[in-house]
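Here are the chains, one letter per residue:
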Amino acid sequence: MKLTILGATGSIGVSTLDVVARHPDRFEVVALTGHGQVELLAAQCRQFRPAYAVVGTATAARELVALLRDASVRTEVLHGPDALTGVASLPGVDAVMAAIVGAAGLPPTLAAVRAGKRVLLANKEALVMAGAVFMGEARRAGTLLLPIDSEHNAVFQSMPGDYSGDMARCGVRRILLTASGGPFRTTPLDALTRITPEQAVAHPNWVMGRKISVDSATMMNKGLEVIEAHWLFNAPAERIEVVIHPQSVIHSLVDYEDGSVLAQLGNPDMRTPIAHALAWPQRIDSGVAPLDLFTVGRLDFERPDPVRFPCLDLAYRALRAEGNAAAVLNAANEVAVSAFLELRLPFLGIAGLIAATLDAVPQAALPDLAAVLEADRQGRAMATEILLRQGGSSS
Ligand code: NAD
Ligand code: MG
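None of these values were measured; they are calculated from a predicted model.

Caption draft 1: Just the overall build of the protein, in detail. Tallying secondary structure elements over the protein gives 16 helices and 11 strands in all. Over its C-alpha atoms the protein spans a radius of gyration of 20 Å, differing by no more than 12% from the 21 Å that the globule rule assigns to 395 residues. Principal axes of the C-alpha set define a box for the protein whose edges measure 55 × 55 × 45 Å. Sequence-distant contacts, at least 24 apart, represent 70% of the contacts inside the protein between residues at least 6 apart. Here the protein has roughly 16,700 Å² of accessible surface; of this, 54% comes from carbon and sulfur atoms. If the 34 positive side-chain charges of the protein are averaged to one point and the 40 negative ones to another, these points end up 2 Å apart.

Right, dumping it as structure tokens:
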């Protein structure tokens, strides 16, 4: 199988290449992309010898060309958004790992969807922003969309094999998405005012990129995942429930009308869903250690506290509002998380900034990609304006 890996230098990208390297007879890397981590990308090109590598800027491209020339690697180096969409839709490529973080991943991911590739979807923001357009294009092109997000991968594995989006017909009552609760599940509420970026990105169970780690700390990650589940499985908001499960061993569950509840379990390591999606419908070694239930010992469950995790309700609100609301929510969240990481917004200001942005941007329909990108632009502009009004700029 010939692969393009968008976001190869990130946490998911590196885990993907780890699985790929275990099966050289099975996978061939055609293209790798990374925004700025040129040294890492060069090392990946030396190891996997792709035909193309894509970086963000002309400067980064020059650096990569020099590094590859020194190592006698004949990878063609490209840069910019058009190159990303190009390698996502190359005729010879069978599958695309969509692992760019945030809205920047939407155009290339959508290009892979339109080109009918097997799309391994990690970039949840793309689906949150553009759900209707994205799923419409996938249906039109007959695209096989396989979720990488561990929860959605677990739901996919726990759904009937021939599931095609009709929960009632398949006797599915609810989707239960598990959440670890992040690093602040039990932190006293008054201590949350002093949270630093370093504390927020230190996730108890998963090692991930900085943005998704902050999203896990606010539980906006689970909110985005509720919206993601809505689109992937055609599930209405009231049939998607979030359960805090601090051990992160049950990755999610499907509750059937007859009382059966099917779940997927495993060690918290993204190589499991990645290997699942790469090889589906077969199973291959992922390098993940077997689950040792005796070490796990117990599995706990809690209801999410809406006071501690207001971002979860904001995401449900955006999902129910339809139209541009989820794109605006996502844009405001990206602005808020960046501001928090740059010490321009306190941790507890994240939810407030998103709520104020949702209130301020007028409702609109999202019929096509242009409308999605406009909603994203409006959400960012409004969130930035509100942030400046609050005096949140130190730059
Ligand atoms: P990361 O920050 O580690 O990596 C992000 C990748 O995207 C890097 O390769 C980076 O170079 C690239 N990138 C960043 N900005 C870009 C831009 N403007 N243009 C092009 N490329 C850009 O992030 P991650 O943790 O690997 O997450 C990637 C995606 O997968 C996110 O959408 C995240 O929500 C999702 N996801 C991650 C995990 C996880 O365990 N890390 C789990 C589930 C879902
Ligand atoms: Mg997840």
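Having seen it, we continue.
Caption draft 2: Inspection of the layout of surface pockets at higher detail. What the second largest pocket holds in volume is close to 670 Å³. What lines the second largest pocket is a set of 24 residues, among which Leu145, Phe156, Tyr163, Ser164 and Leu232 lie closest to the centre. Taken together, the elements giving at least two residues each to the lining of the second largest pocket come down to helix H6 (124-141), strand S7 (145-147), helix H7 (150-158) and helix H10 (220-233). Class assignment of the residues belonging to the lining of the second largest pocket gives a composition of 14 nonpolar, 8 polar and 2 charged.

Caption draft 3: Just the pairing of strand S1 (residues 2-6), in detail. Counted residue by residue, S1 has 4 buried out of 5 residues, so it is predominantly covered. Direction of pairing for S1 relative to strand S2 (residues 28-33): parallel, over a ladder of 4 bridges. Among the inter-strand pairings, Thr4 is bridged to a residue of S2, identified as Ala31. Two elements, S1 and strand S5 (residues 95-98), share 4 bridges in a ladder whose sense is parallel. By the bridge assignment, Leu6 is partnered in S5 with Ala98.

Caption draft 4: Quick peek at the pairing of strand S6 (residues 118-121). Where burial is concerned, the two faces of S6 agree: the one with Arg118 and Leu120 and the one with Val119 and Leu121 are both buried. The β-α-β motif built from S5, the intervening helix H5 (residues 106-114) and the parallel element S6 has right-handed crossover chirality. Across 3 bridges, the pairing between S6 and S7 is parallel. In the strand pairing of S7, Leu120 is matched with Leu146. Handedness of the β-α-β unit built from S6, H6 and S7 comes out right-handed.

Caption draft 5: Highlighting the coordination of the magnesium ion (ligand 2). In this structure, Asp149 (OD), Glu151 (OE) and Glu225 (OE) serve as the protein donors to the magnesium ion (ligand 2), at separations of 2.1 to 2.2 Å. Sequence positions of the donors to the magnesium ion (ligand 2) reduce to the motif D-x1-E-x73-E. For Asp149, a relative accessible area of 8% gives the class buried.

Caption draft 6: Seen up close, the pattern of salt bridges. Tallied over the entire structure, the rule returns 23 salt bridges. The shortest N-O distance in the salt bridge between Glu225 and Lys222 comes to 2.7 Å. Taken together, the residues span about one helical turn, with Glu225 and Lys222 both in helix H10 at a distance of 3 residues. There is no split in this pair, since Glu225 and Lys222 are both buried. Asp359 is paired through a salt bridge with Arg317; the nearest N and O atoms lie 2.7 Å apart. Placement of Asp359 in helix H15 (residues 349-360) and of Arg317 in helix H13 (residues 310-321) is noted, with a sequence separation of 42 residues between them.

Caption draft 7: Region of the structure containing a nonpolar patch on the surface. Taken together, the side chains of Leu265, Leu293, Leu299 and Phe301 define a hydrophobic patch exposed on the protein surface, amounting to about 350 Å² of accessible area. Structurally, Leu293 is set in helix H12 (residues 293-296).

Caption draft 8: The arrangement of the packing of aromatic side chains in detail. Per the counting criterion, the structure on display carries 3 aromatic pairs. Aromatic side chains Phe156 and Trp280 sit 5.8 Å apart centroid to centroid with 75° between the ring planes, which places their arrangement in the edge-to-face category. Taken together, the positions of Phe156 in helix H7 and Trp280 in the loop between helix H11 (271-279) and H12 put the pair 124 residues apart, joining distant regions of the chain. Phe156 gets classed as partly exposed once you look at its relative accessible area, which sits at 22%. For Trp280, a relative accessible area of 28% translates into the label partly exposed. Centre to centre, the rings of Phe340 and Phe347 are 5.6 Å apart; their planes meet at 65°, and the pair counts as edge-to-face. Given the relative accessible area of 1%, Phe340 is considered buried.

Caption draft 9: Representation of the site of ligand 1. The immediate surroundings of ligand 1 are formed by 23 residues, with Thr9, Ser11, His35, Glu125 and Gly209 found nearest. One of the backbone N or O atoms of Gly10 is found 3.1 Å from an oxygen atom in ligand 1. With respect to ligand 1, the backbone of Gly209 contributes an N or O atom lying 2.9 Å from an oxygen atom. Within the complex, the protein chains bury 87% of what would otherwise be the 830 Å² of accessible surface of ligand 1. Residue composition of the shell around ligand 1, by class: 11 nonpolar, 9 polar and 3 charged. Here the shell around ligand 1 spans two domains, and each of domain 1 (2-147) and domain 2 (155-296) adds at least three residues to it.

Cut-offs applied
- Residues numbered from 1 in each chain as written.
- Chains lettered and ligands numbered in written order.
- Predicted model: local features only at pLDDT ≥ 70, side-chain atom pairs only at ≥ 80, totals over all residues.
- Heavy atoms only, no water.
- Helix = DSSP H or I, 4+ residues; strand = E, 2+ residues; numbered from the N terminus.
- Rg over C-alpha atoms; globule rule 2.2 N^0.38 Å.
- Contact = heavy atoms within 4.5 Å.
- Areas by Shrake-Rupley, 256 points an atom, 1.4 Å probe, with all protein chains shown as cover.
- Lys, Arg positive; Asp, Glu negative; His and termini not counted.
- Charge placed at Lys NZ, Arg CZ, Asp CG, Glu CD.
- 1 Å grid on protein atoms, 1.4 Å probe; cavity = no way out; pocket = protein on both sides within 12 Å on 5 of 7 lines; lining within 4 Å.
- Points joined across faces, edges and corners; volume = space filled by probe spheres on them.
- Nonpolar A, V, L, I, M, F, W, Y, C, P; charged D, E, K, R; others polar.
- Buried < 20%, exposed > 50% of the residue type's maximum accessible area, 1.4 Å probe, protein only.
- Pairing = 2+ DSSP bridges.
- Right-handed = clockwise from strand over helix to strand, strands pointing away.
- Donors = N, O, S within 2.8 Å, 3.2 Å for Na, K, Ca; no water.
- Salt bridge = Lys/Arg side-chain N within 4 Å of Asp/Glu carboxyl O.
- Patch = residues over 30% accessible without salt bridge, like charges linked within 9 Å, V, L, I, M, F, W, Y side chains within 5 Å.
- Phe/Tyr/Trp six-rings, centres within 6.5 Å; stacked < 30°, edge-to-face > 60°.
- Near = heavy atom within 4 Å.
- Polar contact = N/O pair within 3.5 Å; in protein donor to acceptor, adjacent residues only side chain to side chain.
- Domains from an automatic or database assignment.

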